[in-house]
Amino acid sequence: MNSATTAQTSAEETTAAGIVARTAGLYPGRENRRTPRHPARAAIARKAGQ
């Protein structure tokens, strides 16, 4: 996964579901779409703690 794209997506989205949806759109060939959910939730939690 391109970390610049991931960082940008995390910064722009306000929900974990939004991050997962955009990640799925960026990488449509990904077999396991559940994989980004944990990092997405962690990113939202970090934003809430700021």
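Residues numbered from 1 in each chain as written. Predicted model: local features only at pLDDT ≥ 70, side-chain atom pairs only at ≥ 80, totals over all residues. Heavy atoms only, no water.

A.B. asks: Quick one: what's the story with the overall build of the chain, residue by residue and with numbers?
C.D. replies: Along the chain, the regular secondary structure elements total three helices and zero strands. Along its sequence from the N terminus, the chain presents helices and strands in the succession α-α-α. Scaling as 2.2 N^0.38, a compact globule of 50 residues should have a C-alpha radius of gyration of about 10 Å, and the chain matches this with 10 Å. For the chain, the C-alpha atoms occupy an extent of roughly 35 × 20 × 15 Å along the three principal directions. Looking at the chain as a whole, 24% of its 50 residues qualify as buried. (Helix = DSSP H or I, 4+ residues; strand = E, 2+ residues; numbered from the N terminus. Rg over C-alpha atoms; globule rule 2.2 N^0.38 Å. Buried < 20%, exposed > 50% of the residue type's maximum accessible area, 1.4 Å probe, protein only.)

A.B. asks: Describe the nonpolar core, with residues and values.
C.D. replies: Counting residues in each nonpolar core, the largest one holds five residues, listed as Ala-16, Ile-19, Val-20, Ala-40 and Ala-43. For this core, the secondary-structure elements that each account for two or more residues are helix H2 (16–26) and helix H3 (37–49). Looking at this core element by element, the count peaks at three residues for H2. Excluding residues that lie within four positions of it along the chain, Ile-19 makes contacts with Thr-9, Ser-10, Glu-13, Ala-40, Ala-43 and Ile-44. (Core = buried A, V, L, I, M, F, W, Y, C linked by side-chain atoms within 4.5 Å. Contact = heavy atoms within 4.5 Å.)

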